[in-house]
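# Inside the fold
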Amino acid sequence: MPLLTNEQLLEVYTQTKTATAIHVTEDAIIQTANDAMLQIWDKDRSVIGKSLEMALPELKGQPFIDMFKRVWREGLTISGTDTPADLNINGKIQTVYFDFEYRAIKDSKGQTYCILHTAIDVTDRFLGREAMRYAVEKEAALQREQALNEELASSNEELSAMNEEYQEAQASLSKLNNELEERVNKRTSDLAESIKKLIYSEQKLDNILHQLPSPVVVLRGPNQVIEVTNEALLSFWNKTEEEVLGRPMLEIFPELTSQPFPNQWKHVLETGETIINKEKPVVFNKVNGKRLYYVDYYYQPLTDLDGTVSGVLATVIDVTHKVEARQQLEESQIVLQKLNDELAAINEEMTASNEELIVINEELAESQVNLVSKVSELAESESRFRLLVEQAPVAINIFKTRDLVIDVVNDKMLEIWGKTNKIQGMPLAEAMPELKGQPFLQILDDVITTGETYYGNASKARIIINGKETEKYFNLIYKPLRNQNGVTDRILQVASDITEQFTIKLELEKAQEMMRLAIEAAKLGSWYIDPVTKSLKYNQMLAKLFGYEGTGSMTYDQAIAQVTEEYRDKIVEEIEKAILSGGDYDITYSQKRFNDGEIIWLRSLGKINENGEDGFRTFSGFVMDITELKKDEQRKNDFIGMVSHELKTPLTSLNGYIQLLQSKADGKGDKFTAGALATAGKQVKKMTTMINGFLNISRLESGKIVLNKSSLRLDELIHAVIEETMVITTSHVIKCTCEVPITLSGDYDKISNVVSNLLSNAIKYAPNHRDIDVKCEIIGGMAQVSVKDYGPGIDKVQVPQLFERYYRAETNHTISGFGIGLYLSSEIIDRHNGRIWAESEIGVGSTFYFTLPMN
Ligand code: ADP
């Protein structure tokens, strides 16, 4: 039978209802996932090939990703039922419940090669069950409450039933009592009747009396001698007939003397009236002491045949039991009533306390809800606080308790400390043992004790970072945090690492100090001029250089007045220019010393400093005494001038002889000699130009150069110089655009020198570029001349310096020269009140310009 292909198998598996996915590697890269699984994840097929964490970033912080790691590493199977997972569904994090299994699938060597991940979404089942459980619990609680209520009601009912029973018993007892009384009354009257009937026959009486069930006695005569009595009374008296018969009543029962009976007997005897009394107490002396009885008694007169009353028939019925029973009943009734009252009271109390309980219960439930919300609020604010600390852009942490346990710490702080978050939860002394012997632990302890905030400015700390002790500087705040009882139990630390700024500051201070020393050592005077008020400040060295010994401070005007006339205007102009345009100020000038009037040479360098946005500016710099230098230079210039002068005489004679020999050789037709002499002549001319240059320098420097001005045609001058140059040059083509006749006043020779110098430089420094363009035009009322070549050009930075004495650009040192040509040119143009400058670009070429005033 043909087997299914891998693709078919996968297709079948894709359609299974059980959510299934296969993952590989420790990162649980999703190899495949069927539709059911994608549905649970709320993702599409694009998650395939991604790690589980990338596919479902919301799983970060949940246990599943670590479980996959374990399953992969340890080859286990992890499963769970009703497990909650927070998944991003429809863009919202929702809790879903699963039965799941992560099963490591292993090859024959027991090596895990994939994880089979199956899951069933049991959210509905789980939530249903939860709802059911909740309903059952609620029902049970209701039933308990109802049962309690029923119990209370039934005990209430029982109590009232008992109450009713008592009342019933009481009623029946009193009914019984009444019946008894009625019966006794009836019997007593019946008895009296029969006695009356029998009274006349003693025999009969005796018999009757003896047989009477009621106790009777016949008392005869004034002494109440017991004549007849019966068994019933004898047994009540506890006497025998012999003991009592024929003896007066009070003899047998002397205790009756003090009781009301003897008087009543007397009354009956005397009046013949009947006395009926009920439930009267009578006390008899018994063997074991006095005893109280209650009796109903009837004293009836016994009349003789003659009608006189001679005796008393006393019928005595012991009703002690009845009375006692009634008394007991009454007592028990009172007790019952009391009990009843108490029960009622208890009942009321119970109801009241029941109500209270209900109220308390409600309050409890309410406070429980409050508590839960407070706890969650607290947890929320706590976590919000933690988040705040963690994300704060400054280094923050919180220490708790006196052990300074690191409770919360953000990455910034860990970075400063050079530690990882393993130190969280550790006491500071343990986390950073290097702090021992440094002041911080004690300061923090003091903050806990005093509850006062500590501010540390540029505090130096030695911290181990990457195993190396490092010195750092911090700005610190230790702020005590109090609990609800107002006790400081935590400290908030905010720290900023200012090591870099601090070190820079130290270096700056060092540099300033070094500069101060250098200024002192170089004997530099320093000055400061307020650009607006021109107030002058200076150091002691400047005062010494200027020879100023005045009492007050030297003013700007005083200082300017000392400058020699030659430089005075120039210096003021330069200062104004620097203040206005902000360029560098560098000037060499001479001035008269204050104290001795000696002429000294000074070089002053300065700069405008823009300070901040408000445009606050300062103009300051240094001045140095270069008198000695100047003197040396003068000596050198004199020397050069002297030597140049001495060299000129032999050169002039050499030139004469060469020309003489040349004309001779021409005459002889000796071409070789004529050519050699022409070359010699060129070299002599070159040498003469060089020597003239030096001579001019020395003249210039010593102020001996003078302009011989006359009216001249600049265009013609230029043509003449070009012509002259072309005589000795074959390598270059000079194109001249000088159509306009330009007449101005100037020193013909010196201007020619300038043009000649520019042309020879163009030839010299652009040997491989034939073209040279010369232009002469009028621009802005000035005559402007330019010489342009297409040579290698000069670095822009160097261009302004080309006109300095002896300056040579760095690029072309292979070409001979002394760096004086442009210097002399600039001096000449300067003295004509013109301007000279250059523009150049590397690889493109250079153009040198000069201008001259037209009149
Ligand atoms: P020198 O030519 O004797 O060195 P200069 O004062 O005439 O003295 O020139 C000063 C420097 O200016 C030269 O050394 C050279 O580096 C540079 N320079 C002058 N003209 C040119 C030019 N046309 N092209 C390139 N560099 C030039």
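Before reading further, recall that the structure is shown in the block above.
What this report covers is the structure whose coordinates are included nearby. Quick caveat: nothing in here was measured; it's all calculated off a predicted structure.

Conventions we followed
Residues numbered from 1 in each chain as written. Predicted model: local features only at pLDDT ≥ 70, side-chain atom pairs only at ≥ 80, totals over all residues. Heavy atoms only, no water. Helix = DSSP H or I, 4+ residues; strand = E, 2+ residues; numbered from the N terminus. 1 Å grid on protein atoms, 1.4 Å probe; cavity = no way out; pocket = protein on both sides within 12 Å on 5 of 7 lines; lining within 4 Å. Points joined across faces, edges and corners; volume = space filled by probe spheres on them. Nonpolar A, V, L, I, M, F, W, Y, C, P; charged D, E, K, R; others polar. Patch = residues over 30% accessible without salt bridge, like charges linked within 9 Å, V, L, I, M, F, W, Y side chains within 5 Å. Areas by Shrake-Rupley, 256 points an atom, 1.4 Å probe, with all protein chains shown as cover. Salt bridge = Lys/Arg side-chain N within 4 Å of Asp/Glu carboxyl O. Buried < 20%, exposed > 50% of the residue type's maximum accessible area, 1.4 Å probe, protein only. Pairing = 2+ DSSP bridges. Axes fitted to C-alpha atoms, helices over the stretch in contact; angles between N-to-C directions. Parallel < 35°, antiparallel > 145°, perpendicular 65-115°, else oblique. Left-handed = near helix turned anticlockwise from the far one by under 90°. Contact = heavy atoms within 4.5 Å. Core = buried A, V, L, I, M, F, W, Y, C linked by side-chain atoms within 4.5 Å. Phe/Tyr/Trp six-rings, centres within 6.5 Å; stacked < 30°, edge-to-face > 60°. Lys NZ or Arg CZ within 6 Å of the ring centre and 35° of its normal.

One non-glycine residue, asparagine 90, lies in the positive phi region at around 55 degrees. Turning to its location among the elements, asparagine 90 is positioned in the loop between strand S3 (77-89) and strand S4 (92-106). A positive phi angle, near 50 degrees, is found at asparagine 466, a position not held by glycine. By the secondary structure assignment, asparagine 466 is in the loop between strand S13 (454-465) and strand S14 (468-482).

Let's shift gears to empty space enclosed by the protein. Unfilled space is identified by rolling a water-sized probe across the atoms. If you walk through the whole model with that rule in mind, you get 5 cavities of 30 Å³ or more. Its volume calculated, the largest cavity comes out at about 190 Å³. As for the largest cavity, its lining consists of 16 residues, of which Ile529, Phe546, Ala559, Ile575 and Tyr589 are closest to the centre. Partitioned by chemical class, the residues of the lining of the largest cavity number 14 nonpolar, 2 polar and no charged.

For the rest of this paragraph, the subject is a nonpolar patch on the surface. On the surface, Leu4, Leu9 and Val12 cluster together into a nonpolar patch covering about 270 Å² of accessible area. Tracing the backbone through its elements, the reader meets valine 12 in helix H1 (residues 6-14).

Glancing now at the pairing of strand S11 (residues 395-400). S11 sits mainly inside the fold: 5 of its 6 residues count as buried. Relative to strand S15 (residues 488-497), S11 runs antiparallel, the two being bridged by 6 bridges. Residue pairing across strands places phenylalanine 399 opposite isoleucine 491, the latter belonging to S15. Pairing analysis gives 4 bridges linking S11 to strand S12 (residues 405-409), with the strands arranged antiparallel. When the bridges of S12 are listed, asparagine 397 appears paired with valine 409. As consecutive antiparallel partners, S11 and S12 are separated by 4 residues, and within that stretch threonine 401 has a phi angle of approximately 60 degrees, a positive value.

Once that is clear, we can look at the packing of helix H21 (residues 714-728) against helix H22 (residues 748-765). Where H21 contacts H22, the two axes come as close as 10 Å, and the packing angle between them is 50 degrees. Here H21 lies oblique to H22, going by the angle between them. Crossing of H21 over H22 shows right-handed handedness. Of the residues in H22, those touching H21 at Leu714, Leu717, Ile718, Ala720, Val721, Ile722 and Thr725 are Tyr748, Ile751, Ser752, Val755, Ser756, Leu759 and Ile763.

Sheet architecture is open: 5 strands sit in the order S22-S24-S25-S27-S26, paired in mixed fashion. Strand pairing shows two members of the sheet lacking a second neighbour, strand S22 (733-737) and strand S26 (835-841), which therefore form its edges. Across the sheet, the mean angle separating the axes of adjacent strands is 15 degrees when strand polarity is ignored. Sheet topology places strand S25 (residues 782-789) next to strand S27 (residues 845-853); 7 bridges connect them, and they run antiparallel. In the sheet register, methionine 782 faces S27, and the bridge partner there is proline 853. The strands that H22 touches are S22, strand S24 (771-779), S25 and S27; relative to S27, the one it contacts most, it runs at about 175 degrees.

Counting buried positions along helix H23 (residues 821-831) yields 8 of 11 residues, so the element is predominantly enclosed. Taken as a whole, H23 has its buried residues at Leu822, Tyr823, Leu824, Ser825, Ser826, Glu827, Ile828 and Ile829. Tucked into the core, H23 has its buried residues touching helix H20 (671-701), H22, S26 and S27.

Quick look at the nonpolar core now. Counting residues in each nonpolar core, the largest one holds 37 residues, and the members touching the most others are Leu714, Ile718, Leu759 and Phe850. A per-element tally of this core places H22 first, with 7 residues. What isoleucine 718 contacts, discounting residues up to four positions off in sequence, is Cys736, Cys738, Val755, Val774, Cys776 and Val785. Ranked by size, the runner-up nonpolar core spans 31 residues in total, among them Leu38, Leu52, Met67 and Val96.

Once that is clear, we can look at the sheet that holds S15. In spatial order, the strands read S12-S11-S15-S14-S13; together these 5 strands make up an open sheet with antiparallel pairing. Across the chains shown, the open sheet's two edge strands, defined by having one partner strand only, are S12 and S13. Neighbour to neighbour, the strand axes of the sheet diverge by 35 degrees on average, direction disregarded. Pairing geometry for S14 and S15, over 9 bridges, is antiparallel.

It is the contact of H22 with H23, at a shortest axis distance of 9 Å, that shows an interaxial angle of 145 degrees. For H22 against H23, the interelement crossing comes out left-handed. For the pair H22 and H23, the contacting residues are Lys750, Val754, Asn757, Leu758 and Asn761 in the first and Gly821, Leu822, Ser825, Ile828 and Ile829 in the second.

The next thing to look at is the packing of aromatic side chains. One pass over the structure, following the stated rule, counts 22 aromatic pairs. Ring plane angle 90 degrees and centroid distance 5.9 Å describe the contact between tryptophan 527 and tyrosine 585, whose orientation is recorded as edge-to-face. One end of the pair, tryptophan 527, is in strand S16 (residues 525-529); the other, tyrosine 585, is in strand S18 (residues 585-592), and 58 residues separate them in sequence. Take tryptophan 527: its relative accessible area is 8%, and that puts it in the buried class. Chaining the aromatic ring pairs together yields one cluster made of Phe236, Trp237, Phe253, Phe284 and Tyr293. Sitting over the ring of tryptophan 601, lysine 630 keeps its end group 4.4 Å from the ring centre.

Let us now look at the environment of proline 84. Counting through the fold element by element, proline 84 comes out in strand S3. Expressed as a C-alpha distance, the spacing of proline 84 and glutamine 94, which sit 10 residues apart in the sequence, is 9.8 Å. The residues touching proline 84, leaving out its near neighbours within four places in the chain, are Phe64, Thr95, Val96 and Tyr97.

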